[in-house]
Amino acid sequence: MDYHTAYSRTNKLRRFYRSVFLFVIFAAIILPDNIFGERIFHIRLFDAYTILAIWGLIITVKAIKLFIFDSEWENDMIEREMKKEKKPIDY
């Protein structure tokens, strides 16, 4: 892994962990509000659970993209495709 790829991956990891941290903070604020019925925040457009579900789905997609389909996976796929093209020509 070269420096540019490592730097880019580190930035993506930092942003991912920051978004997970913010999700946990907002979930800790919103969920007790709905559970105990105090209704400190009145969200009329969407239910709080809907907002958290959409946000959680986005974080899950980011996690899959970051941890499963990373640069190593991409390099492996490029190598496989290049091997397919390098078939010997029989005359």
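Bear in mind the structure is a predicted one, so any value in this text is a computation, not a measurement.

Engineer: Can you lay out the overall build of the chain for me, pointing to particular residues and giving the numbers?
Structural biologist: A count of helical and extended segments in the chain gives three helices and zero strands. Sorting the 91 residues of the chain into buried and exposed places 16% on the buried side. Taking all contacts inside the chain whose residues are at least 6 apart in sequence as the whole, residues at least 24 apart take part in 65%. With an accessible surface of roughly 8000 Å², the chain has 65% of that area assigned to carbon and sulfur atoms.

Engineer: How would you explain a positive patch on the surface if you had to name every residue and give the values?
Structural biologist: Among the surface-exposed residues, K12, R14, R15, R18, K62 and K65 lie close enough to one another that they form a single positively charged patch. Among the secondary structure elements, those contributing two or more residues to the positive patch are α1 (3-35) and α2 (48-68). Considering the arrangement of structural elements, one finds R18 in helix α1. Residue classification places R18 among the partly exposed residues on the basis of a relative accessible area of 45%.

Engineer: Mind laying out the confidence of the model for the chain, listing which residues take part and the relevant values?
Structural biologist: Here the chain averages 79 in pLDDT, and 76% of its residues register 70 or above. Across the chain, the secondary-structure element scoring lowest on mean pLDDT is helix α3 (residues 71-85), at 77, and the one scoring highest is α2, at 88.

Engineer: Break down a nonpolar patch on the surface for me, citing the residues and quoting the values.
Structural biologist: Together, Y17, I64, F67, I68, F69 and W73 make up an exposed nonpolar region whose accessible area comes to about 610 Å². Tracing the backbone through its elements, the reader meets F69 in the loop between α2 and α3. Judged by relative accessible area, F69 falls into the partly exposed class, the value being 43%.

Reading the values: the criteria
Residues numbered from 1 in each chain as written. Predicted model: local features only at pLDDT ≥ 70, side-chain atom pairs only at ≥ 80, totals over all residues. Heavy atoms only, no water. Helix = DSSP H or I, 4+ residues; strand = E, 2+ residues; numbered from the N terminus. Buried < 20%, exposed > 50% of the residue type's maximum accessible area, 1.4 Å probe, protein only. Contact = heavy atoms within 4.5 Å. Areas by Shrake-Rupley, 256 points an atom, 1.4 Å probe, with all protein chains shown as cover. Patch = residues over 30% accessible without salt bridge, like charges linked within 9 Å, V, L, I, M, F, W, Y side chains within 5 Å. Salt bridge = Lys/Arg side-chain N within 4 Å of Asp/Glu carboxyl O. Lys, Arg positive; Asp, Glu negative; His and termini not counted. Charge placed at Lys NZ, Arg CZ, Asp CG, Glu CD. pLDDT = per-residue confidence, 0-100.

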